[in-house]
Amino acid sequence: MNGDFVFRQQFEIKGGDFSRGGEVSCEVKNLLKEFGLPAASVRRAAIASYEAEMNVIMYADHGFLDFSVTPLEIRIVVEDNGPGIADIELAMNEGYSTATPEMRELGFGAGMGLSNIKKNTDRFEITSEVGKGARLSMIIRAEERRA
Amino acid sequence: MTPKSRHPLSINEESCVGCVHCLVNCPTKAIRIKNGKARLINELCIDCGECIRFCPHGAIDSQTTSFSDLSAFQYKVAIPTTVLYGQFDYNVRPNDILFALRRIGFDQVYELSSICELTNAALEEYLQDNPKPRPLIASTCPVVVRLIQRRFPSLCEHIVPIEPPREIAAKILRANLSRVLKIPPTDIGIIHITPCPAKMVSINFPASLEKSYLDGAISIRDIYKPICQVLRRNEDEAILRHLFPETLLSGIGIGTALSGGETRSLKNHRTIAVSGIQDTIRILNQAEIGLLKDLDLLECMVCPDGCVGGPLVVENRFLAKSRILGLVSALGDRTVVDNADINLLFHKDFLSFQHPVKPLEMPPLDADPGQAIQKANRRNDLNKRLPQKDCGACGAPDCRTLADDIVRGEAVLADCPFMSKEGK
């Protein structure tokens, strides 16, 4: 990471607060636009952070999104105190979901979240301890769309 | 005609007292108070007219066409918004209003509801012919188009490229009147009667046409009184009411200026209708990150409840809406537009944009991303020092915007009265 110019900001995410869902990732998107990073990277980062933010809102009481940017890459780490993920490999499968019927009624829980993050990031790692929480770490390279 | 300034909104320095009402309510943070008077930042203003609603001193002028400007034309045509039908008492019928416009000096009055039905039908055709992208976004509200160009540039290609009814009507008139009447085109004035100032900017600086087909727009506010004056006399002249009975009102078209008016007739598509500036921004944020791909059409109108809530109307929007809905149900779903016409005009591109709506991206904090990041860090540091009271006393709408102005070189920390106290 080019250490000369780093922007860092941490955002709180309140679990269960669906009415404010998407506000953090919207802020992330607007900041990236202000940095003049390529539109494709901004879009990918916005989608990935939205999915991660909604996961916190759906499953945890509390979490935060740690956002750091250099002219070369965007790093997003989302940590929460939710139930954790027992089988990470299984959770990465499209369509796999532990969402409750209530969440599904709200239009969430299609089991696309984590796979959507993977699709929109250049590096994606999950660490989790059942009963304690999850930590999603992702990197999006800030580069022009490949021709 | 009025001079062509970039925005139809301007601040009347004599009436402006430099309070914070417009400042804090501007959805794009396009106003600052400098030297005790409000100032508009041209690049940020989207012409929504929220400032007109919130100014307690009537200090926001909107440069719409004035009645006296019409004398420049030998032959004057009015194209009133269907919102006009909701501005008068329940027993004043659309034909009374259209006739009143003739009596106050228009040589011809073009009733818009049938064209609204036509463009609605064209919209349905377009949705069927174009399965991608989704959601498509209706383009009738010029503020929504301007908002997308500036704040959501990646959504420009989602805008349905069909001109709004007022432009189509003017195009039809423009193409034929001069020939039929044997008058030079420049002597014919085609004037929209508008509920909002944004129509003026879409006439002076169209986003999807080389040149607008309209010559100007008079606000409902300005034309209300002249209409009332002749409506009253009209009561004794029952015969005159029946002088021009040919108008074909469309029940499908007449409600399109209400929120949901365009989506109502699209029975085979998934649609939503959003109104109000804050909700419009919220939904466009969702569309931008691809959350609304299941929707076929997104109808956004920045005024509450649609054009009936425009900043230049007279009647409160609830009454106006009730009257227009009364007309919608009285007229029913009978179509007045021939399907063959839709096919001819739509597929011959008569209704289409001349060119796509182009993004007008806001400049980043700095042309160099490294410098932009540095500035954002500085902005965060400054913001932490500011009192977070968002009082507006510095002239910016909130502390964060002051910090932003400082890193852009437009303001200094001492503009904050709390900081200057701290310094002493």
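Source: prediction; values computed, not measured.

**Considerations on the overall build of chain B**
Right, on to step 1. Across its full length, chain B carries 15 helices and eleven strands.
Right, on to step 2. The C-alpha atoms of chain B give a radius of gyration of 23 Å, which matches the 22 Å a tight globule of 424 residues would have.
Right, on to step 3. Expressed as lengths along the three principal axes of its C-alpha atoms, the size of chain B is roughly 80 × 50 × 40 Å.
Right, on to step 4. Put simply, chain B has 424 residues, and 45% of those count as buried.

**Examining the packing of helix 13 (residues 369-385) of chain B against helix 14 (residues 399-407) of chain B**
Residue and element names in this part refer to chain B.
Right, on to step 1. Relative orientation of the contacting elements helix 13 and helix 14 amounts to 135 degrees, with a least axis distance of 9 Å. Viewed along their axes, helix 13 and helix 14 adopt a mutual orientation that is oblique. Regarding helix 13 and helix 14, the two cross each other, and that crossing is right-handed. In this structure, helix 13 uses K375, R378, R379, L382 and N383 to contact helix 14, whose residues at the interface are C399, R400, A403, D404, I406 and V407.
Right, on to step 2. Along the lines of polarity and charge, the residues of the contact of helix 13 with helix 14 split into five nonpolar, one polar and five charged.

**Here we look at the interface of chain B and chain A**
Reports often express the size of an interface as the amount of accessible area lost when the parts come together.
Right, on to step 1. Between chain B and chain A, the residue contacts involve 16 residues of the former and 18 residues of the latter.
Right, on to step 2. The set of elements that each furnish at least two residues to the side of chain B that touches chain A consists of helix 10 (277-288) and helix 13 of chain B.
Right, on to step 3. The leading source of residues in the side of chain B that touches chain A is helix 13 of chain B, at eight residues.
Right, on to step 4. For the side of chain B that touches chain A, the per-class residue count stands at eight nonpolar, eight polar and no charged.

**Considering the nonpolar core**
Right, on to step 1. Within the largest apolar cluster, 96 residues are counted, with the highest numbers of intra-cluster contacts made by A78, I79 and V302 of chain B.
Right, on to step 2. Top element by residues in this core is helix 4 (residues 113-129) of chain B. It accounts for six residues.
Right, on to step 3. Each of domain 1 (1-63) and domain 2 (67-347) of chain B contributes no fewer than three residues to this core.
Right, on to step 4. If you look at the next biggest cluster of nonpolar residues, it comprises 53 residues, including L31, F67 and I85 of chain A together with A372 of chain B.

**With respect to the domain arrangement of chain B**
Residue and element names in this part refer to chain B.
Right, on to step 1. Considered domain by domain, chain B is made up of domain 1 (1-63), domain 2 (67-347) and domain 3 (367-424).
Right, on to step 2. Contacts between the two partners involve 16 residues from domain 1 and, on the opposite side, 20 residues from domain 2.
Right, on to step 3. The element contributing the most residues to the side of domain 1 that touches domain 2 is helix 2 (residues 50-54), with three residues.
Right, on to step 4. Split into classes, the residues belonging to the side of domain 1 that touches domain 2 amount to seven nonpolar, five polar and four charged.

**Description of the pairing of strand 2 (residues 62-69) of chain A**
Residue and element names in this part refer to chain A.
Right, on to step 1. A one-sided burial pattern is seen for strand 2, the buried positions being G63, L65, F67 and V69 and the unburied ones H62, F64, D66 and S68.
Right, on to step 2. The pairing of strand 1 (residues 7-14) with strand 2 spans eight bridges and is classified as antiparallel. Considered in strand 2, the bridge of F11 is made with L65.
Right, on to step 3. Pairing between strand 2 and strand 3 (residues 73-80): seven bridges, direction antiparallel.

**Focus: the pairing of strand 8 (residues 188-194) of chain B**
Residue and element names in this part refer to chain B.
Right, on to step 1. The buried count for strand 8 comes to seven of seven residues, which makes it a mostly enclosed element.
Right, on to step 2. Taking every second residue as pointing to the same face, both faces of strand 8 are buried, with I188, I190, H192 and T194 on one and G189, I191 and I193 on the other.
Right, on to step 3. Pairing geometry for strand 8 and strand 9 (residues 216-219), over four bridges, is parallel. Its bridge partner being in strand 9, I191 is matched across the sheet by G216.
Right, on to step 4. Read from strand 8 through helix 7 (residues 198-204) to strand 9, the crossover connection turns out right-handed.

**Quick look at the sheet that holds strand 2 of chain A**
Residues and elements named next belong to chain A.
Right, on to step 1. Taken together, the five strands give an open sheet; going across it, the order is 1-2-3-5-4, and neighbouring strands pair in antiparallel fashion. Either end of the sheet is taken by a strand with one partner, and the two such strands are strand 1 and strand 4 (123-129). Here the average twist between neighbouring strands, direction ignored, is 10 degrees.
Right, on to step 2. Bridge count between strand 4 and strand 5 (residues 133-141): seven bridges; the pairing is antiparallel.

**Remarks on helix 14 of chain B**
All names here are of chain B.
Right, on to step 1. When you tally the buried positions in helix 14, you get eight out of nine residues, the bulk of the element.
Right, on to step 2. When we look at burial in helix 14, the residues that qualify are C399, T401, L402, A403, D404, D405, I406 and V407.
Right, on to step 3. Those residues of helix 14 that are buried are in contact with helix 13.
Right, on to step 4. Backbone geometry just after helix 14 places G409 at a positive phi near 80 degrees.

**Overview of helix 2 (residues 39-59) of chain A**
Counting along an α-helix, one turn takes 3.6 residues, and residues three or four places apart therefore face a common direction.
Right, on to step 1. Over its 21 residues, helix 2 of chain A runs 30 Å from end to end, which matches the ideal 30 Å to within 8%, given 1.5 Å per residue.
Right, on to step 2. Counting buried positions along helix 2 of chain A yields 18 of 21 residues, so the element is predominantly enclosed.

**As for the environment of P359 of chain B**
Residues and elements named next belong to chain B.
Right, on to step 1. On the secondary structure map, P359 appears in the loop between helix 12 (339-347) and helix 13.
Right, on to step 2. Judged by the 16 C-beta atoms lying within 10 Å of it, P359 falls in the partly exposed class.
Right, on to step 3. Apart from the residues within four sequence positions on either side, P359 is in contact with Q149, P153 and C156.

Reading guide: rules and limits
- Residues numbered from 1 in each chain as written.
- Chains lettered and ligands numbered in written order.
- Predicted model: local features only at pLDDT ≥ 70, side-chain atom pairs only at ≥ 80, totals over all residues.
- Helix = DSSP H or I, 4+ residues; strand = E, 2+ residues; numbered from the N terminus.
- Rg over C-alpha atoms; globule rule 2.2 N^0.38 Å.
- Buried ≥ 20, exposed ≤ 12 C-beta atoms within 10 Å, placed from the backbone.
- Axes fitted to C-alpha atoms, helices over the stretch in contact; angles between N-to-C directions.
- Parallel < 35°, antiparallel > 145°, perpendicular 65-115°, else oblique.
- Left-handed = near helix turned anticlockwise from the far one by under 90°.
- Contact = placed C-beta atoms within 7 Å.
- Nonpolar A, V, L, I, M, F, W, Y, C, P; charged D, E, K, R; others polar.
- Core = buried A, V, L, I, M, F, W, Y, C linked by C-beta atoms within 7 Å.
- Domains from an automatic or database assignment.
- Pairing = 2+ DSSP bridges.
- Right-handed = clockwise from strand over helix to strand, strands pointing away.
- Expected span 1.5 Å × (residues − 1).

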